[in-house]
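Per-entry structural report
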Amino acid sequence: YSLILLMVYYLAKEVLRDRLKGFLVACFFVAAPYLFYGFFTFLASSGEMMTVFVTDKFTQLMFLALLSDPLSLFLTLLSLILIWILFKNDFKRSVSLAFLLGLTISFAVITRWQNAVLVPFYGLIFLLSRRFKAFFFFVFGGLFLGIFQLSIFFQANGGFLGTYQDVYGGDYLNISQV
């Protein structure tokens, strides 16, 4: 959580070009879970269902849950920092950083599928800036883990895009047999 907070501060400071604004964004990042908790505690009824919802969302926002959310945010912020460094330095040393960016994005996609939205966004940045060599290394860095993940899906489920859904046993999840 502390490392993510420092990354939020760095990105806000660089993008907004002001240390105070970066500090305020980082403060809001820290205070947001408490604001959420206070807002729902004050306005929501004290029912058991709402209490479970508020507590669950608070622990998710504070990263007290398992590793998926904090790791996903860390990798997404790392990719934003890498693309910012590339853009700020006019894509100098772009080959190694583009490869590292592709590797970071592939880790982020493995962590959380929703991070796949970043792939075409970053790809467009490379293509519109006419950095085709950097784009190639970005794709190459991303394919490294992508092919590994697809091969594991194929070995485990018999298909490249299959996922393991049989958590409780096939008959337990089959609604037609009820």
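What you are looking at is a predicted structure, and each value in this text was computed from that prediction instead of being measured. (Residues numbered from 1 in each chain as written. Predicted model: local features only at pLDDT ≥ 70, side-chain atom pairs only at ≥ 80, totals over all residues. Heavy atoms only, no water.)

**Things to note about helix α5 (residues 94–111)**
If you check α5, its first and last C-alpha atoms are 25 Å apart, about what 18 residues at 1.5 Å a residue would give, namely 26 Å. When we look at burial in α5, the residues that qualify are S94, L97, A98, L101, G102, L103, T104, I105, S106, A108 and V109. (Helix = DSSP H or I, 4+ residues; strand = E, 2+ residues; numbered from the N terminus. Expected span 1.5 Å × (residues − 1). Buried < 20%, exposed > 50% of the residue type's maximum accessible area, 1.4 Å probe, protein only.)

**Here's the deal with unusual backbone geometry**
When glycine is set aside, most residues are seen to have a negative phi, and most peptide bonds are trans. The phi torsion at R17 lies on the positive side, around 60°, for a residue other than glycine. With respect to the helices, strands and loops of the structure, R17 is situated in the loop between α1 (2–16) and α2 (19–43). For R130, which is not glycine, the phi torsion reads 60° and is therefore positive. Mapping R130 onto the fold places it in the loop between α6 (118–128) and α7 (132–157). Accessibility expressed as a relative area gives 65% for R130, which makes it exposed.

**Comments concerning a nonpolar patch on the surface**
Nonpolar side chains collect at one region of the surface, where V15, L16 and V25 lie side by side and expose about 220 Å² of accessible area between them. Residue placement: V15 occurs in helix α1. We classify V15 as partly exposed; its relative accessible area is 46%. (Patch = residues over 30% accessible without salt bridge, like charges linked within 9 Å, V, L, I, M, F, W, Y side chains within 5 Å. Areas by Shrake-Rupley, 256 points an atom, 1.4 Å probe, with all protein chains shown as cover. Salt bridge = Lys/Arg side-chain N within 4 Å of Asp/Glu carboxyl O.)

**Section: the nonpolar core**
With 13 residues, the main nonpolar core has I83, L86, L101, I105, Y122, F126 and F138 as its most contacted residues. At the level of elements, α4 (68–88), α5, α6 and α7 are the ones that each hand at least two residues to this core. Per element, the largest residue contribution to this core is five residues, and it comes from α5. When neighbours within four sequence positions are excluded, I105 is seen to be in contact with S79, L118, V119, Y122 and F138. Counting six residues, the second largest nonpolar core, distinct from the first, contains I4, L11, L77 and I81. (Core = buried A, V, L, I, M, F, W, Y, C linked by side-chain atoms within 4.5 Å. Contact = heavy atoms within 4.5 Å.)

**Considerations on the pattern of salt bridges**
Tallying each qualifying case throughout the model produces two salt bridges. A salt bridge links K13 to E14, with the shortest nitrogen-to-oxygen separation between them at 3.6 Å. A relative accessible area of 23% places K13 in the partly exposed class. For E14, the salt bridge goes to K88, with nearest N and O atoms at 2.7 Å. Taken together, the residues span a long stretch of sequence, with E14 in helix α1 and K88 in helix α4 at a distance of 74 residues. What you see here is one network of salt bridges that share partners, running through K13, E14 and K88.

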